[in-house]
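Structural description and commentary
Listed below, chain by chain, are the residues.
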Amino acid sequence: MIDQGVERVGEPLLAVQGLVTRFGKFRALDGVSLTIGEGESVGLVGPNGSGKTTLVNTVCGLYPASEGSISFAGVEITGKRPDRVAAAGINRTFQIPKPFFSLSVRENVEVAAHHARQPHRVEEVLERTALLAVANHTVDTLTAAQQKRLDLARALAMSPRLLFIDELAAGLSPNELQEVAVMLRSLVDEGMALVVVEHLMGFLEQVVHEVFVLTAGRIVFQGELRDALADDTVQEVFLGRTDSAHS
Amino acid sequence: MLLKFRDQRQNPSEDLKGQSRWRRAASPWVAAAIPVLIFLVAVHVYSNELLLVDMAIYIALAQGINIIYGFTGYLPFGYFGFFGVGAYVAGYGIIHWGLSGPVAVLVGGVGGALAGAILLPLFRLRGAYFALTTLAAGEAFYAIVSNPSLTSITNGPYGLNLATAYSSGWSFGMAVGLAGVAILVAALIKRSRYGMTLKAIKDDPYSAAMAGINVARDRFYAWLIAAAIAGVGGAIYGWAISVFYPQDVFDVTVSVFAIVFALFGGIGSIWGPTIGAALLYAIYNVVGVSNPQYFQLIYGLIIVLLVLFAPRGLAGLMASIRERRLFGGGAR
């Protein structure tokens, strides 16, 4: 586990305040508040349907926020278009990879690097994500793990200050998991803030120092991962226990 | 075998790496110049100049469909609306502003683009909803233009008479020029960074946005270009036939032909829509005019065969044959 302080210094990089995202009458996010500091790596965990991806989608501008505010580096970004959010320095990967199938692997990264005005980063990002050898291939020839890395490569080409990693580990072999964990740790070491949405606690433990536990659109725990695993409320959320102190 | 195939099947643009830089740079111009030259020769050996004008306009319209549908994935059934608006704006310019034919044609293109700008909110919709709403918008343009209460402006259902501005040579030249320009624009877009951006938008608009692409703006530019091509096409058509009524230019057949020609040739390619439009429009004139019932049968057959055996059109069929020759028939 990375030894990083939990204390935050100065203004948070991302500040989410009372965020509500409604789909009709259903409140997928029900008053979420959290802050993430520069260079922090945090996990976002919770059972399926708890609102993890909805939170990522709302912060990234795919879903409109029904209530609440989102600010990034002190600038209000609530309701901004996804490309504006990306330009501000937030990016993401997708639970199900969404590469551009009409483009080659290199062109996928080039598109993002060009729009971020960083065309010189293409080779570096391809090398870092171990895609250089297949750079000129069409995307449909990539394995699922490579497509996930391409998602990551495209996000990295935008040089984000905050990166949401949405279930990148799912379906990867133990070796691939280890490689991805090393890569993510190196990003944090370079000062990038990470929010890792994940179910694999062993993987999370290698990458993040703190977790937010989300259930039914609300954050029910914030703290170190080992404390989360011992917390009664968290156990109730994941295991459905009813004999906890909170029941 | 599959692995071998995968290793070899790299980015299609890899094929181009063997070509010289000069050939790569020249190919959009060649794709535009060859049809133009064929038209310029054909007019001396084939007497029906108006048919050639129509064919050139349909090549341009098929390329317009290629730009908006082939590159962005938005299928505009109401494409004829821009065609009609272009014809009427140019006609109005000739009659009321005294514009010369060529200038009026360009103004018609601006009219088509403005009509496209008005319909921008339709991009909130996708798929069949977008396609059908553009169809409704095209019909709305028709309803407005043909409205008898607007006779003082549009001449209502009585159409326009541009006989005083008629010029056979100029209208033919502009039709051929439009075809050349439309092909060139589509080819240049396809191989530009903007073309790459449009492909990304077509694949996944949200993902494209997270790659920093201003999806609405870049798609809008493609839409405006396609609408302007239709506007110019309609203007030339109206000018070339001299006398027309609203139903002649606001005709859904224009959309159907342009879409079928582009699909038949191969959406997303450059030669495909050109060849598709030339071939099918020639068949239409050989069979369709004298025996419309056979023409519909032939078109129906072509569409069925297209869906079954060549869903990517002629261009896709040729690419598959080339791949099979290169990598062997059992690769897939």
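To start, this report covers the structure provided alongside it. (Residues numbered from 1 in each chain as written. Chains lettered and ligands numbered in written order. Predicted model: local features only at pLDDT ≥ 70, side-chain atom pairs only at ≥ 80, totals over all residues.)

1. Thoughts on the overall build of chain B
- Helix and strand counts for chain B come out as 16 helices and two strands.
- The globule rule puts the C-alpha radius of gyration for 332 residues at 20 Å, and the 20 Å found for chain B is close to it.
- By its C-alpha atoms, chain B is 70 × 50 × 40 Å across when sized along the principal axes.
- Considering only intrachain contacts with a sequence separation of at least 6, the fraction spanning at least 24 residues in chain B is 78%. (Helix = DSSP H or I, 4+ residues; strand = E, 2+ residues; numbered from the N terminus. Rg over C-alpha atoms; globule rule 2.2 N^0.38 Å. Contact = placed C-beta atoms within 7 Å.)

2. Quick notes on helix α4 (residues 80-96) of chain B
Residues and elements named next belong to chain B.
- Taking 1.5 Å per residue as the helical rise, α4 with its 17 residues ought to reach 24 Å, and the 24 Å between its terminal C-alpha atoms agrees with that figure.
- Most of α4 sits inside the fold, with 14 of its 17 residues counted as buried.
- In the stretch just after α4, G98 is the one whose phi turns positive, near 70°. (Expected span 1.5 Å × (residues − 1). Buried ≥ 20, exposed ≤ 12 C-beta atoms within 10 Å, placed from the backbone.)

3. Some details on the pairing of strand β10 (residues 218-223) of chain A
All names here are of chain A.
- In terms of strand pairing, strand β9 (residues 210-215) meets β10 through five bridges, oriented antiparallel. Across the sheet, T215 pairs through a bridge with R218, a residue of β10.
- Between the end of β9 and the start of β10, which pair antiparallel, lie two residues, with A216 showing a positive phi angle near 50°. (Pairing = 2+ DSSP bridges.)

4. Comments concerning the interface of chain A and chain B
- Each side of the interface is counted separately: chain A has 27 residues, and chain B has 23 residues.
- Those elements that place two or more of their residues in the side of chain A that touches chain B are α2 (82-88), β6 (90-92) and α3 (105-115) of chain A.
- Here the element with the most residues in the side of chain A that touches chain B is α3(A); it accounts for five residues.
- Classifying every residue of the side of chain A that touches chain B by side-chain character gives twelve nonpolar, nine polar and six charged. (Nonpolar A, V, L, I, M, F, W, Y, C, P; charged D, E, K, R; others polar.)

5. A short note on the nonpolar core
- Of all hydrophobic cores here, the largest spans 176 residues; its most connected members are L194(A), A56(B), Y58(B), A175(B), I236(B) and A258(B).
- Considering each element in turn, this core owes the most residues, 15 residues, to helix α11 (residues 215-241) of chain B.
- In this view, I236(B) contacts I57(B), V105(B), S171(B), M174(B), A175(B) and L178(B); residues no more than four positions away in its chain are not counted. (Core = buried A, V, L, I, M, F, W, Y, C linked by C-beta atoms within 7 Å.)

6. Regarding the sheet that holds β6(A)
Residue and element names in this part refer to chain A.
- With mixed pairing, the six strands of this open sheet are ordered in space as β6-β7-β8-β3-β9-β10. Two strands close off the open sheet at either side, each with one partner strand: β6 and β10. The sheet shows a mean angle of 20° between the axes of neighbouring strands, direction not considered.
- Relative to β9, strand β3 (residues 41-45) runs parallel, the two sharing four bridges. Counted as the bridge partner of V45 is V213 from β9.
- Along the sheet face, helix α6 (residues 174-189) touches β3, β7 (162-166) and β8 (193-197) and points at about 150° away from the line of β8. (Axes fitted to C-alpha atoms, helices over the stretch in contact; angles between N-to-C directions.)

7. Focus on the sheet that holds strand β2 (residues 26-36) of chain A
Residue and element names in this part refer to chain A.
- Spatially, the four strands line up as an open sheet ordered β2-β1-β4-β5, and their pairing is antiparallel. Strands at the two margins of the open sheet, each flanked by one partner only, are β2 and β5 (75-76).
- Pairing between strand β1 (residues 14-23) and strand β4 (residues 67-72): five bridges, direction antiparallel. Among the inter-strand pairings, V16 is bridged to a residue of β4, identified as I70.
- Against the sheet, helix α1 (residues 52-59) makes contact with β1, β2 and β4, and its axis sits at roughly 70° relative to β2, the strand it touches most.

8. Quick notes on the packing of helix α3 (residues 49-70) of chain B against helix α14 (residues 271-288) of chain B
Residues and elements named next belong to chain B.
- For the pair α3 and α14, the least separation of the axes is 9 Å and the interaxial angle reads 140°. In terms of their interaxial angle, α3 and α14 are classed as oblique. Here α3 runs over α14; the crossing is right-handed. On α14, the residues touching L51, D54, M55, Y58, I59, A62, Q63 and N66 of α3 are P273, T274, G276, A277, A278, Y281 and N285.
- The residue inventory of the contact of α3 with α14, partitioned by class, reads nine nonpolar, five polar and one charged. (Parallel < 35°, antiparallel > 145°, perpendicular 65-115°, else oblique. Left-handed = near helix turned anticlockwise from the far one by under 90°.)

9. Considering the environment of L103(A)
- Relative to the helices and strands, L103(A) is located in the loop between β6 and α3.
- Here the alpha-carbon distance between L103(A) and N136(A), two residues 33 residues apart in the chain, equals 9.3 Å.
- Among residues more than four places away in sequence, those in contact with L103(A) are N108(A), V111(A), M196(B), K199(B) and A200(B).

10. A look at the environment of V145(B)
All names here are of chain B.
- Looking at where V145 falls in the secondary structure, it is placed in helix α6 (residues 127-145).
- The class for V145 is buried, based on 25 C-beta atoms found within 10 Å.
- Through-space distance from the C-alpha of V145 to that of F257 is 22 Å; in sequence the pair is 112 residues apart.

11. Topic: the environment of A140(B)
- Relative to the helices and strands, A140(B) resides in helix α6.
- Of the residues examined, A140(B) has 14 C-beta atoms within 10 Å and is grouped as partly exposed.

12. So, the packing of α14(B) against helix α15 (residues 292-309) of chain B
All names here are of chain B.
- Contact geometry of α14 with α15 gives a least axis separation of 8 Å together with a crossing angle of 145°. Residues I283, Y284, V287 and G288 of α14 lie in contact with α15, whose contacting residues are P292, Y294, F295 and I298.
- Among the residues making up the contact of α14 with α15, the classes are represented as seven nonpolar, one polar and no charged.

13. What to know about the pairing of β1(A)
All names here are of chain A.
- Pairing of β1 with β2, which is carried by eight bridges, proceeds in the antiparallel orientation. The residue bridging R22 from the neighbouring strand is R27, located in β2.
- Where β1 hands over to β2, the hairpin turn is made up of two residues, of which G24 adopts a positive phi near 65°.

14. Re unusual backbone geometry
Residues and elements named next belong to chain A.
- At A130, a position not held by glycine, the phi torsion is positive, near 60°.
- Residues other than glycine seldom take positive phi values, yet S159 does so here, at roughly 50°.
- Here S159 shows up in the loop between α5 (144-156) and β7.
- On the neighbour-count criterion, S159 (16 C-beta atoms within 10 Å) is partly exposed.

Interpretation in functional terms is not warranted from these geometric data alone.
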